Amino acid sequence: SLKFQHIYLGEILFNLSELKELIFIEQIIKDLTINAIDYSGKFMDTGINIRKNTQISIVAEGQVDLFPDNSPGQYLTGPKGSGNGKGKDSNFLGGALIGKISDSEFMIGESLQLTPKTNFLEGRLFIQIVHSPWDNRSTGSYTLKIRSLN
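Rules behind the numbers
Chains are numbered independently. Their residues run from 1 in the order of the written sequence. For this predicted model, a pLDDT threshold of at least 70 governs which residues receive local features, and a threshold of 80 or more governs which side-chain atom pairs are given and counted, while totals over whole chains, interfaces and linings are taken from all residues. For side-chain calculations, the full set of non-hydrogen atoms in the structure is used, while hydrogens and water are omitted. Helical segments are the DSSP runs of H or I of at least four residues, strand segments are the runs of E of at least two, and each set is numbered from the N terminus. Only C-alpha atoms enter the radius of gyration, while the globule expectation follows 2.2 Å times N to the 0.38, with N the number of residues. Whether two residues are in contact is decided by their heavy atoms: any pair within 4.5 Å suffices. All accessible areas in this document rest on Shrake-Rupley with a 1.4 Å probe, and a residue is counted as covered only by the protein chains that are shown. The residues that make up patches have over 30% relative accessible area and no salt bridge, and they are joined within 9 Å when like-charged or within 5 Å when they are Val, Leu, Ile, Met, Phe, Trp or Tyr. Put simply, a salt bridge is a Lys or Arg side-chain nitrogen that is within 4 Å of an Asp or Glu carboxyl oxygen. For every residue, the accessible area obtained with a 1.4 Å probe (protein chains only) is divided by the maximum for its type, and the residue is called buried under 20%, exposed over 50%, and partly exposed between those limits. In this analysis, rings of Phe, Tyr and Trp, with Trp reduced to its six-membered ring, are considered paired at centre separations within 6.5 Å, and the interplanar angle assigns stacked below 30 degrees, edge-to-face beyond 60, and tilted for intermediate values. Our definition puts a charge over a ring when NZ of Lys or CZ of Arg is within 6 Å of the ring centre and also within 35 degrees of the ring normal.

Student: Just checking my understanding: could you explain the overall build of the chain for this structure?
Tutor: Counting secondary structure elements, the chain contains one helix and eleven strands. Mapped from its N terminus to its C terminus, the chain presents α and β elements in the order β-β-β-α-β-β-β-β-β-β-β-β. Rg of the C-alpha trace for the chain: 20 Å, well past the compact-globule value of 15 Å for 150 residues, more than 25% over. C-alpha extents for the chain along the principal axes are approximately 70 × 30 × 20 Å. For the chain, contacts bridging at least 24 residues in sequence account for 67% of all contacts bridging at least 6. Surface summary for the chain: the accessible area is close to 9,100 Å², and the carbon and sulfur share equals 48%.

Student: Got a minute to help me understand unusual backbone geometry in this structure?
Tutor: Negative phi is the rule for most residues except glycine; trans is the rule for most peptide bonds. Despite not being glycine, aspartate 89 shows a phi value in the positive range, around 60°. Relative to the helices and strands, aspartate 89 is located in the loop between strand 6 (76-77) and strand 7 (97-101).

Student: I'm lost on a nonpolar patch on the surface in this one. Help?
Tutor: A surface patch of nonpolar side chains, amounting to about 280 Å² of accessible area, comprises Leu2, Phe4 and Leu16. Tracing the backbone shows phenylalanine 4 in strand 1 (residues 2-6).

Student: Just to check I follow, could you spell out the pattern of salt bridges for this structure?
Tutor: Where side chains of opposite charge bring their charged atoms close, a pairing between them can arise. The full count for this structure, using the stated rule, is five salt bridges. For aspartate 31, the salt bridge goes to arginine 147, with nearest N and O atoms at 2.8 Å. Separated by 116 residues along the polypeptide, aspartate 31 in strand 3 (residues 29-35) and arginine 147 in strand 11 (residues 139-148) bring together distant segments of the chain. Of the residues examined, arginine 147 reaches a relative accessible area of 26% and is grouped as partly exposed.

Student: Help me understand the packing of aromatic side chains in this model?
Tutor: The geometry of two aromatic rings is summed up by the distance between their centres and the angle between their planes. In the structure shown here, the tally under the stated rule is three aromatic pairs. An aromatic cluster is defined as three or more aromatic residues linked by ring pairs; in this entry it consists of Phe67, Tyr75 and Trp134. Of note, lysine 100 hangs over the ring of phenylalanine 43, and the distance from its end group to the ring centre comes to 4.8 Å. Sitting over the face of the ring of phenylalanine 126, lysine 100 holds its NZ or CZ atom 6.0 Å from the ring centroid.

Take a look at the structure:
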């Protein structure tokens, strides 16, 4: 048995033989940067495993230039993506920040909260900046803050 002191409940005695399920919830606090030169159209491994009951918040900011060689500064976008069309070979807007867990791709944009009740996914979290609609290189980056909520 385990005996411990809870701040509100006082002294608690717990028999391990009564334990039916133990859930480990990993604390996630990660800041990272994804750059368009390396991860436009290619997924980046965040190193974060999303498990059942893991609730995470992702907040992104920054700017990507979708056509820097011919028209620098004219096709800038943020994590929501550009209104100039879908990225090459993608269902998402060019320049959008997207995520993938297992085989499921989803929009992150400027912010996203994944909760087990509405978005149950399990596996490694990958992120990507969607490729330019004009099939050319992009420049710039997004900075992400990824946090567990539970």
